[in-house]
Amino acid sequence: MSDFDLSSRTVLVTGATSGIGFETARQLAERGATVLVHGRTPEEAQAAADRLIATAGIDAAQLCTFSADFTRLEEVEAMARRVLAEHPHLDVLVNNAATAAPERHTLTADGNEIALQVNFLAHYLLTCLLEPALTSDSGGRVVNVSSSLHRTASIQWNDPQRARRYSRLAAYAQSQLALTVFAADPRVTAVSVHPGVCETDLLSLYGIHGDTATEGAAHVVRLCDPATEVVNGAYYDRDQRVDPAPAATEGRTVKRLSKLADQLVGQHA
């Protein structure tokens, strides 16, 4: 990949403490971007920033740490307020944080199935709240780190929390389909990308050998470059633009999902 310069860009990466998120933060910072490093706790975010400074020689002035536990929507809301106050101009938001759904059906304190909330609803809320900062300049965009597993999914409109029939894989896939559908929301310019099956904490869901997180992150970073032209709602499998699952581009599904998400994130939006 060519070394493009991102020194004028400010990028927020969620889930930047490990795996593809950490590597994405590293590659963005190496290209000069100011990177907002998100972690679940202030300690985890700081440890990731310290590691970038120590191992990749990143200038500490390029890194800002933010924390929010995505299983708590009030923390997402508080983080969004802080980002808006400190970085009123945000070029790119990388929605990367993800959890592999647990074996047993688990609800967050907000009453949402945990994969749905961490992988989709928290990012939905964060994106909506950061909309004023997300620049409308041609290069401004949201990059949703999705998964090819979204193709196996359906959104259970009558039971989005999957209380009636829970399967770990189906819950994870549903959250990734929702994130992919959300990229077509007209409110922001967004794309989604399947970074490949990588050696991260999510690998167990795929059950096969994976690429390195570094390789996966390169596909995410490419989409953060303003020179990479994007179409709202586009979906990439690694570096190739391909059609997502048909549901992901249906206007009706996009509207229905934002209505459902607005209900589920409730008073926080």
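Every value quoted in this text rests on a predicted model; they were computed, and no experiment measured them.

Conventions used here
Residues numbered from 1 in each chain as written. Predicted model: local features only at pLDDT ≥ 70, side-chain atom pairs only at ≥ 80, totals over all residues. Heavy atoms only, no water. Helix = DSSP H or I, 4+ residues; strand = E, 2+ residues; numbered from the N terminus. Contact = heavy atoms within 4.5 Å. Pairing = 2+ DSSP bridges. Axes fitted to C-alpha atoms, helices over the stretch in contact; angles between N-to-C directions. Parallel < 35°, antiparallel > 145°, perpendicular 65-115°, else oblique. Left-handed = near helix turned anticlockwise from the far one by under 90°. Expected span 1.5 Å × (residues − 1). Buried < 20%, exposed > 50% of the residue type's maximum accessible area, 1.4 Å probe, protein only. Nonpolar A, V, L, I, M, F, W, Y, C, P; charged D, E, K, R; others polar.

A.B. asks: Account for the environment of Ala234, with residues named and values stated.
C.D. replies: Along the chain, Ala234 falls in the loop between α7 (213–224) and β7 (235–237). It is 30 Å that separates the C-alpha atoms of Ala234 and Glu86, two residues lying 148 residues apart in sequence. In this structure, Ala234 is in contact with Ala190, Val191, Ser192 and Arg241, ignoring residues within four places of it in sequence.

A.B. asks: Before we move on, can you summarise the sheet that holds strand β2 (residues 34–39) with the specific residues and values?
C.D. replies: Within a sheet, adjacent strands bond to each other through the backbone by hydrogen bonds, running parallel or antiparallel. Overall, mixed pairing links the 8 strands, which are arranged β3-β2-β1-β4-β5-β6-β7-β8 in an open sheet. The open sheet is flanked by β3 (63–67) and β8 (240–242), the only strands paired with a single partner. This sheet shows a mean twist of 25° between the axes of neighbouring strands, independent of strand direction. Here strand β6 (residues 190–194) runs beside β7; their pairing, made up of 3 bridges, is parallel. Paired with His194 across the strands is Asp237, a residue of β7. Against the sheet, helix α2 (residues 42–56) touches β2 and β3, its axis set at about 160° to β3. Where helix α3 (residues 73–86) meets the sheet, its contacts fall on β1 (10–13), β2 and β3, and the angle it forms with β3 comes to roughly 155°.

A.B. asks: Explain the packing of helix α5 (residues 168–182) against helix α8 (residues 251–265) to me, using residue names and the numbers behind them.
C.D. replies: Helix-helix packing is described using two parameters, namely the angle between the two axes and the distance between the axes. Packing of α5 against α8 brings their axes to within 9 Å, and their N-to-C directions diverge by 110°. As the angle between them shows, α5 and α8 are arranged roughly perpendicular. Here the hand of the crossing between α5 and α8 comes out left-handed. The segment α5 lies against α8, with Ala178, Val181 and Phe182 engaging Thr253, Val254 and Leu257.

A.B. asks: Any chance you could break down α7 for me, citing the residues and the numbers?
C.D. replies: For α7, which comprises 12 residues, the first-to-last C-alpha distance of 17 Å matches the rise-based estimate of 16 Å (1.5 Å per residue) to within 8%. Taken across its 12 residues, α7 has 9 buried, putting it largely inside the fold. When α7 is considered as a whole, its buried residues turn out to be Ala213, Gly216, Ala217, Ala218, His219, Val220, Val221, Leu223 and Cys224. Summarising the contacts, the buried residues of α7 are in contact with α1 (19–30), β4 (92–95), β5 (141–145), β6 and β7.

A.B. asks: Kindly report on the packing of helix α4 (residues 114–130) against α8, identifying the contributing residues and their values.
C.D. replies: Two elements in contact, α4 and α8, have axes separated by 10 Å at closest approach and are oriented at 95°. Viewed along their axes, α4 and α8 adopt a mutual orientation that is roughly perpendicular. Side by side, α4 and α8 meet where Leu116, Phe120, Leu121, Tyr124 and Leu125 of the first sit next to Leu257, Ser258, Ala261, Asp262, Leu264 and Val265 of the second. A class-by-class count of the residues in the contact of α4 with α8 yields 9 nonpolar, 1 polar and 1 charged.

Geometric descriptors of this kind do not, in isolation, establish any biological role.
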